[in-house]
Amino acid sequence: MSQEKPHQNAETPDPLRKIELAPGSAAKHVIAVMSGKGGVGKSSVAALLAVALRRAGRDVGVLDADITGPSIPRLFGLRGRPRAAQGEGMMPVQTATGIRVMSINLLLPEEDHPVIWRGPILSSAAKQFFTDVHWGRLDYLIVDLPPGTGDVPLTVLQSIPLDGIILVSSPQELALMIVRKAVKMAQALQVPLIGLVENMSSLRCPHCGHEVEVFGPGTAAAAASSGAIRFLGRLPLDPELSAAGDQGGLESFTAPWVADLARWVE
Ligand SMILES: Nc1ncnc2c1ncn2[C@@H]1O[C@H](COP(=O)(O)OP(=O)(O)OP(=O)(O)O)[C@@H](O)[C@H]1O
Ligand SMILES: [Mg+2]
């Protein structure tokens, strides 16, 4: 006996329907940066990818979907508030080199003002940053996700039309195990994986130049090949990178490997 499909009321929103950018805005590529684990460098990688693409002459936006732990404005030293757009919505705030940014921290009275909202509200804020911000014409919109596989990453993967996901891991086995969860989540939601990057792989001693694998030898390359996901490469642990981020000067960070990041998506 054939089963009848449940009646779908036209008024009922389809949970799998993708949302759209505001009229007049368009992005050729929408890419999320994700990891199951906190503190592995998602925001740094998202921001550096934006910097690399901007240096290559692309029009780039960064949507900070980490509503409770936003870090993108700090990395770029942004303090301005988004202007209201004509009609509805908001304009993103521009960095020194013209990267367009939207983050909850740009809307809060103080940078350290906490956001104490439950999951569904956090998710709807992330969606509004996509639909209600006048991003304009972008080559790339980079979405920085909060850690884990909770409400906000789930909503972003389900409702934002993503071209792909970049997964970030650190060399510890634990970080990698948690990345595997993120891989499975992306596969379950049928969002393409661009690849896996291992961050904080090794530190070059400033005195003797010797490379130290601070967290042990990385396992990301092997795991990527066993999980049939492209290995994008290793990024060094570089104290100058964290200093640049802390000072809001990520766009002035000029290590030669930054240019390689643009090649992941170009
Ligand atoms: N390759 C690196 N070299 C040196 N410091 C780094 C590197 N990557 C990240 N960091 C530093 O590690 C800290 C955590 O990085 P970041 O905020 O990018 O991680 P995250 O995964 O986005 O964290 P969260 O899960 O809280 O969102 C920051 O202080 C950042 O400056
Ligand atoms: Mg982050």
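Fair warning: this is a prediction, and the values are worked out from it, not measured in the lab.

## Some points on the overall build of the protein chain
Here's step 1: Broken down by element type, the protein chain carries 8 helices and 10 strands.
Here's step 2: Here the C-alpha radius of gyration of the protein chain, 19 Å, is about what a compact globule of 266 residues would show, namely 18 Å.
Here's step 3: Along the first, second and third principal axes, the C-alpha atoms of the protein chain reach 70 × 55 × 35 Å.
Here's step 4: The 266 residues of the protein chain split such that 48% are buried.
Here's step 5: Of the roughly 13,600 Å² that the protein chain leaves accessible, carbon and sulfur atoms contribute 52%.
Here's step 6: Each charge class in the protein chain can be summarised by its mean position, and for the 24 positive and 26 negative side chains these summaries are 3 Å apart.

## Quick notes on the layout of surface pockets
Where empty space is left becomes clear once a probe the size of a water molecule has been rolled over the atoms.
Here's step 1: Size it by volume and the largest pocket reaches roughly 370 Å³.
Here's step 2: Forming the walls of the largest pocket are 26 residues, and the residues nearest its centre are G39, V40, G41, S44 and M200.
Here's step 3: Sorting the residues of the lining of the largest pocket by element identifies α1 (42-55), α2 (72-76) and α7 (239-246) as the ones contributing at least two each.
Here's step 4: Broken down by element, the lining of the largest pocket gets its largest block of residues, 4 residues, from α7.
Here's step 5: Its residues placed into classes, the lining of the largest pocket shows 10 nonpolar, 10 polar and 6 charged.
Here's step 6: If you trace the second largest pocket, you find 15 residues lining it, with P73, L78, R79, N105 and E111 closest to the centre.
Here's step 7: Tallied by class, residues from the lining of the second largest pocket come to 5 nonpolar, 4 polar and 6 charged.

## Some points on unusual backbone geometry
Here's step 1: Phi at Q190 takes a positive value of approximately 60 degrees, unusual for a residue other than glycine.
Here's step 2: In this structure, Q190 sits in the loop between α5 (173-188) and β7 (193-198).
Here's step 3: The exposure class of Q190 is exposed, given its relative accessible area of 72%.
Here's step 4: In the Ramachandran plot, M200 falls in the positive-phi region, its phi being about 60 degrees despite a non-glycine side chain.
Here's step 5: In this fold, M200 is placed in the loop between β7 and β8 (203-204).

## Section: the packing of aromatic side chains
Here's step 1: In the structure shown here, the tally under the stated rule is 1 aromatic pair.
Here's step 2: Judged by centre distance (5.7 Å) and plane angle (65 degrees), the ring pair of F253 and W257 falls under edge-to-face.

## With respect to the side chain of S201
Here's step 1: Position of S201 relative to the elements: it lies in the loop between β7 and β8.
Here's step 2: Engagement of the side chain of S201 in a polar contact is seen with the side chain of E198, the distance being 2.7 Å.
Here's step 3: Excluding residues that lie within four positions of it along the chain, S201 makes contacts with P171, V212, E213, V214, R234, L235, P236 and L237.

## Concerning the pattern of salt bridges
Here's step 1: Counting across every chain of the model gives 8 salt bridges.
Here's step 2: Put simply, E211 and R204 hold a salt bridge, and the shortest N to O gap is 3.0 Å.
Here's step 3: Judged by its relative accessible area of 37%, E211 is partly exposed.
Here's step 4: The partner of D260 in a salt bridge is R263, and the shortest N-O contact between them spans 2.8 Å. Here the residue D260 and the residue R263 both occupy positions in helix α8 (residues 258-265), the gap between them amounting to 3 residues, near one helical turn.
Here's step 5: We classify R263 as exposed; its relative accessible area is 56%.
Here's step 6: It is possible to trace a salt-bridge network through shared partners that takes in R54, D59 and R100.

Thresholds, definitions, all that
- Residues numbered from 1 in each chain as written.
- Chains lettered and ligands numbered in written order.
- Predicted model: local features only at pLDDT ≥ 70, side-chain atom pairs only at ≥ 80, totals over all residues.
- Heavy atoms only, no water.
- Helix = DSSP H or I, 4+ residues; strand = E, 2+ residues; numbered from the N terminus.
- Rg over C-alpha atoms; globule rule 2.2 N^0.38 Å.
- Buried < 20%, exposed > 50% of the residue type's maximum accessible area, 1.4 Å probe, protein only.
- Areas by Shrake-Rupley, 256 points an atom, 1.4 Å probe, with all protein chains shown as cover.
- Lys, Arg positive; Asp, Glu negative; His and termini not counted.
- Charge placed at Lys NZ, Arg CZ, Asp CG, Glu CD.
- 1 Å grid on protein atoms, 1.4 Å probe; cavity = no way out; pocket = protein on both sides within 12 Å on 5 of 7 lines; lining within 4 Å.
- Points joined across faces, edges and corners; volume = space filled by probe spheres on them.
- Nonpolar A, V, L, I, M, F, W, Y, C, P; charged D, E, K, R; others polar.
- Phe/Tyr/Trp six-rings, centres within 6.5 Å; stacked < 30°, edge-to-face > 60°.
- Polar contact = N/O pair within 3.5 Å; in protein donor to acceptor, adjacent residues only side chain to side chain.
- Contact = heavy atoms within 4.5 Å.
- Salt bridge = Lys/Arg side-chain N within 4 Å of Asp/Glu carboxyl O.

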